[in-house]
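Chain residues, written in single-letter form:
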Amino acid sequence: SDDERQQGLDQHGVRPIERLNRLGLVTPSLVGVHMTHLDDAEIDLFAQQAAHVVHCPQSNLKLASGFCPVHRLAEAGINVALGTDSAASNNDLDMISEMQTAALLGKGVAGDASALPAHQVLRMATLNGARALGLDDRIGSLRPGKEADMVAIDLDALNTQPLYNPVSQLVYATNSRQVSDAWVAGRRLLTDGRLTLQDPAD
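This report concerns the structure included in the present document. (Residues numbered from 1 in each chain as written. Predicted model: local features only at pLDDT ≥ 70, side-chain atom pairs only at ≥ 80, totals over all residues. Heavy atoms only, no water.)

### Topic: the layout of surface pockets
This is how the line gets drawn: Detection works on a 1 Å grid of protein atoms alone, calling trapped sets that fit a 1.4 Å probe cavities and calling open sets with protein on both sides within 12 Å along at least five of seven lines pockets, with lining residues defined by an atom within 4 Å of a point. Grid points are joined across faces, edges and corners, and a volume is the space filled by probe spheres set on the points. Here a helix means four or more residues in a row that DSSP labels H or I, a strand means two or more in a row labelled E, and each is numbered from the N terminus.
Taken as a whole, the largest pocket holds about 1100 Å³ of empty space. As for the largest pocket, its lining consists of 30 residues, of which Ala-125, Thr-126, Gly-140, Asp-149 and Val-151 are closest to the centre. Sorting the residues of the lining of the largest pocket by element identifies strand 3 (79–82), helix 6 (95–110), helix 7 (118–125), helix 8 (127–132), strand 4 (150–153) and strand 5 (179–184) as the ones contributing at least two each. A per-element tally of the lining of the largest pocket places helix 7 first, with five residues. Estimates place the volume of the second largest pocket at around 420 Å³. In terms of lining, the second largest pocket is formed by 23 residues, of which the most central are Ser-1, Glu-4, Val-33, Met-35 and Thr-36.

Encoded structure:
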């Protein structure tokens, strides 16, 4: 938040990102979450050091903590993933609604209706997250040899019809109740909307 940025200046005489850099922590292993108060030099530093950013748009909106310049980060070549933050600042932790918020907010912040197209936002929610964690060789996309982490989404509902562009419908019109099945490492944990290993009542 802006208050935290100011605290960094008051306590250490530099902005938080510069302090991290002086400590040698701005590296490809750094995953910066939120990143709502970046200046141009900090964006350049993250790009040069191949550090990652996790964008949590609904949390930022709920806390009024600022806006992450996602489009500028992506244009600078920075890997931007999508997150929810915690239930303390994002009540439903719903990645599908997070994608829609990221896409819409990204256009507003950039002042550009072409910023953050649906395909880019879907990648932020999948492969970019795996890449930020250093796991993109194992998860994040459906490829031979990777773990089979996947969901099936029913797009037959009225809100996702007619279906001209599946990715666009997924990002802009789908809700999480349309997730019918889910697999983690190939193990089916949700079947037709029902948990396979847990009793919701318990």
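Still to come is the rest of the account.
### Concerning the pattern of salt bridges
Just so we agree on the cut-off: Whenever a carboxyl oxygen of Asp or Glu lies within 4 Å of a side-chain nitrogen of Lys or Arg, that contact is scored as a salt bridge. Remark: exposure states derive from per-residue accessible area (1.4 Å probe, protein chains only) relative to the maximum for the residue type, with buried under 20%, exposed over 50%, and partly exposed in between.
Scanning the entire structure with this criterion turns up seven salt bridges. The partner of Arg-15 in a salt bridge is Asp-39, and the shortest N-O contact between them spans 3.5 Å. Linking Arg-15 in the loop between helix 1 (2–12) and helix 2 (16–22) with Asp-39 in the loop between strand 1 (31–33) and helix 3 (40–49), this pair joins segments that are 24 residues apart in sequence. Classification of Asp-39 by relative accessible area gives partly exposed; the value is 27%. Here Arg-188 ties to Asp-181 by a salt bridge, and the two come within 2.5 Å at their closest N and O atoms. Here Arg-188 falls in the partly exposed class, since its relative accessible area comes to 38%. What makes Asp-181 buried here is its relative accessible area of 5%. A single network of salt bridges, built from pairs that share partners, joins Arg-15, Asp-39 and Glu-42.

### Overview of helix 6
So the rule is basically this: Expected span, for any helix, means 1.5 Å times one less than how many residues it has. Any N or O atom pair separated by 3.5 Å or less is treated as a polar contact, with the protein-specific requirement of one donor-capable and one acceptor-capable atom, and with residues adjacent in sequence counted only for side-chain atom pairs.
A rise of 1.5 Å per residue sets the reference length of helix 6, with its 16 residues, at 22 Å; its end C-alpha atoms lie 22 Å apart and thus fit the reference within 8%. Turning to helix 6, its buried residues number three or more, namely Ile-96, Glu-98, Met-99, Thr-101, Ala-102, Ala-103, Leu-105, Gly-106 and Lys-107. Two to three positions downstream of the cap, the backbone nitrogen of Ile-96 sits 2.9 Å from a side-chain oxygen, assigning the N-cap of helix 6 to Asp-94. With its phi angle positive at about 65°, Gly-111 sits one or two positions after the end of helix 6.

Read these as geometric descriptors, not functional statements.
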